[in-house]
Amino acid sequence: MTASTVAGQGGGTLADQAYRSISDRLVTLRIRPGEPINDERIAAELGFGRTPVREALKRLEHERLIVAYPRRGTFATEVQIADLGHLSEVREQLEPLAAGLAAQRAGQDDRAALDRLLARLADASGGGTDLIRLDMAVHRAIYAATRNPYLEDTLIRYDNLATRIWCLFLDRLPGLAGHVHEHGPLLRAIIDGDAEKAAALAAGHVAGFEAAIRGVI
């Protein structure tokens, strides 16, 4: 058994854990666009071997968060504002679908998790990356509640790319807290099993996100 297949703290294989840690840094721009990625240094920082880190980097390259160039190395991808419209086209279709399916399919454990996030939203204050991570946690809980792993994986990928754009303009977007708190009614609709309302709220959330970004570029 290799190091990359041994489950450790935090859940999943070491490659899964490395993926989550590196992805978080890339999405929240702690690793800046265009910055070189050194697998040996990251492995040392995470306390992992290089194998799980390399496996994580392959996944991140597929998700367009990093790019590898022959003889040049691996780098965090640039944030392309021109991609905003393309991302929105996909998310405008899939986010309402996910919200509606979550309302229909969420089990008891899913609804309990969503209820805990609803409580966290009610208590959330401040701003910056803490709110960004809460927003991401809400999205991922909704995606998981769809019980469709293909839809879940697809939406995580596009949410990551959209969130990078959001983080790029974080200091120019005054409505961050309001945008995150919009999830309250959405979570309540899903918990209550109201698929139509959940889908409508998700559609409005995506449209509002794009409008907010376009308002500052």
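Now for a look at the structure at hand. This one's a predicted model, so the numbers in the text were calculated from it and none came from an experiment.

**Topic: the overall build of the protein**
For the protein, the count of helices and strands is ten helices and three strands. Counting helices and strands in the order they occur from the N terminus, the protein gives α-β-α-α-β-β-α-α-α-α-α-α-α. Its C-alpha atoms give the protein a radius of gyration of 18 Å, within 12% of the compact-globule value 17 Å for 217 residues. Along the three orthogonal principal directions, the C-alpha set of the protein runs to about 50 × 45 × 30 Å.

**A short note on the environment of Tyr150**
Position of Tyr150 relative to the elements: it lies in helix 7 (residues 149–168). The spatial distance from the C-alpha of Tyr150 to the C-alpha of Leu87 is 17 Å, given a sequence separation of 63 residues.

**What to know about the pattern of salt bridges**
Within the structure shown, the criterion is met by 15 salt bridges. With a shortest N-O distance of 2.7 Å, Glu45 and Arg25 are connected by a salt bridge. Of this pair, Glu45 sits in helix 2 (residues 39–46) while Arg25 sits in helix 1 (residues 14–27), placing them 20 residues apart in sequence. We classify Glu45 as partly exposed; its relative accessible area is 47%. Residue classification places Arg25 among the buried residues on the basis of a relative accessible area of 15%. Across the salt bridge formed by Arg91 and Glu95, the nearest N and O atoms sit 3.5 Å from each other. In this pair, Arg91 and Glu95 both sit in helix 4 (residues 84–105), four residues apart, roughly one turn of the helix.

**Concerning the side chain of Glu210**
As for its position among the elements, Glu210 is in helix 10 (residues 195–214). Here the side chain of Glu210 touches Ser88 through a polar contact of 3.3 Å, side chain to side chain. Leave out the neighbours within four places in its chain, and Glu210 touches Leu84, Gly85, Ser88 and Glu92.

**What to know about the sheet that holds strand 1 (residues 36–37)**
With respect to topology, three strands assemble into an open sheet ordered 1-3-2, the strand pairing being antiparallel. Two strands close off the open sheet at either side, each with one partner strand: strand 1 and strand 2 (66–69). In terms of strand pairing, strand 2 meets strand 3 (residues 73–76) through four bridges, oriented antiparallel. Across the sheet, the residue bridging to Ala68 is Thr74, located in strand 3.

**Focus: helix 6 (residues 129–145)**
Because each turn of an α-helix spans 3.6 residues, side chains separated by three or four positions in sequence point in the same direction. Between its first and last C-alpha, helix 6 extends 24 Å over 17 residues, near the 24 Å set by a 1.5 Å rise per residue. Looking only at helix 6, the buried set comprises Leu131, Ile132, Leu134, Asp135, Met136, Val138, His139, Ala141, Ile142, Tyr143 and Ala145. Trailing helix 6 by a residue or two, Arg147 shows a phi angle of about 60°, which is positive.

**Points about helix 7**
Its 20 residues give helix 7 an end-to-end C-alpha distance of 29 Å, which sits within 8% of 28 Å, the value for a rise of 1.5 Å per residue. A side-chain oxygen of the first residue of helix 7 lies 3.1 Å from the backbone nitrogen of Tyr150; this N-cap is Asn148.

**Let's talk about the packing of aromatic side chains**
Counted under the stated rule, the structure contains two aromatic pairs. Ring centres 6.0 Å apart and planes at 50° place the aromatic pair Tyr69 and Phe75 in the tilted group. The exposure class assigned to Tyr69 is partly exposed, which follows from its relative accessible area of 38%. Owing to a relative accessible area of 17%, Phe75 belongs among the buried residues under this scheme. We note Arg59 situated over the ring of Tyr19; from NZ or CZ to the ring centre the distance is 3.5 Å. Directly above the ring of Phe209 sits Arg91, whose terminal nitrogen or CZ lies 5.5 Å from the centroid.

Parameters and conventions
Residues numbered from 1 in each chain as written. Predicted model: local features only at pLDDT ≥ 70, side-chain atom pairs only at ≥ 80, totals over all residues. Heavy atoms only, no water. Helix = DSSP H or I, 4+ residues; strand = E, 2+ residues; numbered from the N terminus. Rg over C-alpha atoms; globule rule 2.2 N^0.38 Å. Salt bridge = Lys/Arg side-chain N within 4 Å of Asp/Glu carboxyl O. Buried < 20%, exposed > 50% of the residue type's maximum accessible area, 1.4 Å probe, protein only. Polar contact = N/O pair within 3.5 Å; in protein donor to acceptor, adjacent residues only side chain to side chain. Contact = heavy atoms within 4.5 Å. Pairing = 2+ DSSP bridges. Expected span 1.5 Å × (residues − 1). Phe/Tyr/Trp six-rings, centres within 6.5 Å; stacked < 30°, edge-to-face > 60°. Lys NZ or Arg CZ within 6 Å of the ring centre and 35° of its normal.

So yeah, pure geometry; function would need other evidence.
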